[in-house]
Structures are given as structure tokens and as C-alpha cells.
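Structural overview
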Amino acid sequence: MKLFIVIAVVFVIFVIFILANIKVVAQSKAYVIERLGKYSTTWETGLRVKIPFLERIAKVVSLKEQVVDFAPQAVITKDNVTMKIDTVVFFQITDPKLYCYGVEAPLAAIENLTATTLRNIIGELELDATLTSRDTINTKIRSILDEATDPWGIKVNRVELKNILPPKEIQDSMEKQMKAERERREAILRAEGEKQSRILEAEGFKESKILEAEAEKQSAILRADAVREQKIREADGEAQAILKIKQAEADGIKMIKEADPSEPVVKIKALEAFEKAADGQATKIIIPSEIQSLAGLASGLEGIVKK
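Just so we're clear, the structure is a prediction, and the values are computed from it rather than from any experiment.

**So, the overall build of the protein chain**
Secondary structure summary: the protein chain contains eight helices and nine strands in total. Counting the 307 residues in the protein chain, one finds 19% classified as buried. Contacts in the protein chain between residues at least 24 apart in sequence constitute 61% of all its contacts with a sequence separation of at least 6. For the protein chain, the computed accessible surface area is about 22600 Å², with 59% contributed by carbon and sulfur atoms.

See the structure below:
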């Protein structure tokens, strides 16, 4: 009975020992394996069995992209302004072996390398350029870090300047400058608005005068046309009246001609016409001899009648 228990215990220990040396490597993980203290292989995703006593897992490496937020670093610009800048580095392990054996404390190495690189780049820029050239600084730091970390099996994908903190007096000066710039822009916009308003008013006044002149021109044309039409109508009326008078005279002459008056009647009509001519403003009248004789005859008849 005791032997059975011993065998059972040994079997359980053996099973546990075997299970302890069977590993399932998860997705996005890598195991660095050493055999007798020397690098042997790198386990990737899947079921793996480790040789007891001879092999050991030296390091478990994550192949995911990692983000490290480093503490603010004091830097000095080209114009001797001291400020603090904190950076965020996005990196990914591409070679677990190099990451395990390339450098001691890789994260600390990346932090120190980032700090020194940042100081070198900022030292070549003035304050204003530093504040406005984030993309350029990010690109330069990423390029330098990526090249420097290749022997460590690390790929630097991205570097971002998280915060740039200039001294308090510089911040106050910048705020005043920004306020003055905003006030200047406001004044420019206000002046521009007033200018546009005056231009629009002038253009409106100009267009109004043009329209008034055009209306006056059209009105004058219409008045002239009306006067011309009125004169034409009056002329037509006068012409019609003259035509009717002439027609009446012609009709009268025709009637006289058709009546065939005697000579005494004609002379009497001539005397009547002379009477009308004498009523005019003429100071000198030439009387034909026929009318003179007829006038004498008329005077004689008038004397006889009075007697």
C-alpha cells in the first residue's frame, strides 16, 4: 500500500514536471530560450516544450506597439531660454533576441537617448522656432532614435512632443503678445469692414445717381416724343384746316363759275373785297380803274337814294 502511494506521488510529480515544461506561446508574444546559459532559440506562437534542466525561458517579449511617456526634460534654446519638454515615444520590438541581449534596460536607454537628442535639436533652434516646429522636431527625433535602436531590436514608429513649458515670464510675455496681436487683427478687421461699408455706400450712391440720370434721360426722351407728336398733330390739323379752306374757296370759285355771274355782280363783289382790304392797316392802297368807276357809280346811287 505504501509502495502504491509512493508510485502515485512520483507519477503526479512527474506529470506536474512535464506540464511545467510545456508552454503555449500566446499571440503577439515571443519567448527567448537559453540552453545552458547560451541563447538557443526564440519561441513564437504555438505549443512549445522546454527541455528540463537544460533550457530556460530567459525573457518573455511583447511584440505589440508600446507607448512610453517620459518625464519632462530641461532644455535650453539657441537664444538661452530654459524650458521643459516631455516626450511620448511609440516603439515596437522587432527582434526579441537583440532586445534581450542588445542593451541593458532598453527603456532607460531609450529615455536617455531621447533626452540627449532633444537637447541637441532644441539647442539649434530659437524659442519661436521651437514653439512652431513641433512636426520638424518630432521627425528628427524619430529618425535619430530609430537608427540608434536598430541594434537593440527596437523600431521607433513615432515620437511626439507632449508639452512645451517655457518659463513663467516667457508665458506672460507670450500672452501679452498674443493679446496685442488679437487686438491688432480686430482693429484691421474693423477698419476693413468700415472701408467695405463706405465702398458699398459710394457704389450704391453712384448707382442711384446713374439710375436717376437714366430715368431723367428716358423722361426727357418721352417728353420730346410727346411734344413732337403734339406738333405733328397740330401741323396735321392746320394742314387739314388749310386744305378745307382751300377746298371751300375752290368750291366757291367753282360755284361762281357754274353760276356765270354778270359783269355788274362781279364788280360789286370786287367792291366788297376792296372794302375789306380798306379795313386793314395799310396806309397806301392802289385801286384798279374798274373799281374806281364802280365806286363813283355807287356814290351816285347813294346820293339819289338819300334824296
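**Some thoughts on the packing of aromatic side chains**
Scanning all chains against the criterion turns up two aromatic pairs. Between tyrosine 31 and tryptophan 43, the aromatic rings sit 6.3 Å apart at their centres with planes inclined by 25°, giving stacked as the arrangement. Of the two residues, tyrosine 31 is situated in strand 2 (residues 29–35) and tryptophan 43 in strand 3 (residues 38–43); the sequence distance between them amounts to 12 residues. The class for tryptophan 43 is buried, based on a relative accessible area of 7%.

**A short note on the packing of helix 3 (residues 106–122) against helix 5 (residues 134–149)**
It is at 10 Å that the axes of helix 3 and helix 5 come closest, and there the two elements cross at 140°. For the element pair helix 3 / helix 5, the angle class is oblique. In this structure, helix 3 meets helix 5 at a crossing whose hand is right-handed. For the pair formed by helix 3 and helix 5, the contact residues are Ile110, Leu113, Thr114, Thr117, Leu118, Ile121 and Ile122 on the first element and Ile137, Lys140, Ile141, Ile144, Leu145, Ala148 and Thr149 on the second.

**Some remarks on the sheet that holds strand 3**
The three strands lie next to each other as 3-2-5, forming an open sheet whose pairing is antiparallel. Strands with a single pairing partner mark the edges of an open sheet, and in this sheet they are strand 3 and strand 5 (55–62). For this sheet the average axis-to-axis angle between neighbouring strands, irrespective of direction, equals 25°. Note that strand 2 and strand 3 share five bridges and pair antiparallel.

**So, the confidence of the model for the protein chain**
Per-residue confidence for the protein chain gives a mean pLDDT of 80; residues scoring 70 or more make up 82%. Mean pLDDT values for the elements of the protein chain range from 49 in helix 8 (residues 289–306) up to 91 in strand 6 (residues 65–69).

**Focus: unusual backbone geometry**
If you check the backbone angles, leucine 36 has positive phi at about 55° while not being a glycine. In this fold, leucine 36 is placed in the loop between strand 2 and strand 3.

**Re the side chain of aspartate 146**
Within the element layout of this structure, aspartate 146 appears in helix 5. The residues contacting aspartate 146, other than those within four sequence positions of it, are Ile154, Lys155 and Val156.

**A closer look at the side chain of threonine 87**
Following the sequence through the fold, threonine 87 ends up in strand 8 (residues 82–93). Ignoring sequence-local partners within four residues, the contact set of threonine 87 consists of Val68, Asp69, Phe70, Thr114, Leu118, Glu160, Leu161 and Lys162.

**Some details on the pattern of salt bridges**
Under the definition given, this model contains 12 salt bridges. Taking the shortest distance from any N to any O, the salt bridge between arginine 158 and glutamate 160 comes out at 2.8 Å. With relative accessibility at 25%, the residue glutamate 160 sits in the partly exposed group. Overlapping salt bridges, with partners in common, bring together Arg142, Asp146 and Lys155 in one network.

Analysis parameters
Residues numbered from 1 in each chain as written. Predicted model: local features only at pLDDT ≥ 70, side-chain atom pairs only at ≥ 80, totals over all residues. Heavy atoms only, no water. Helix = DSSP H or I, 4+ residues; strand = E, 2+ residues; numbered from the N terminus. Buried < 20%, exposed > 50% of the residue type's maximum accessible area, 1.4 Å probe, protein only. Contact = heavy atoms within 4.5 Å. Areas by Shrake-Rupley, 256 points an atom, 1.4 Å probe, with all protein chains shown as cover. Phe/Tyr/Trp six-rings, centres within 6.5 Å; stacked < 30°, edge-to-face > 60°. Axes fitted to C-alpha atoms, helices over the stretch in contact; angles between N-to-C directions. Parallel < 35°, antiparallel > 145°, perpendicular 65-115°, else oblique. Left-handed = near helix turned anticlockwise from the far one by under 90°. Pairing = 2+ DSSP bridges. pLDDT = per-residue confidence, 0-100. Salt bridge = Lys/Arg side-chain N within 4 Å of Asp/Glu carboxyl O.

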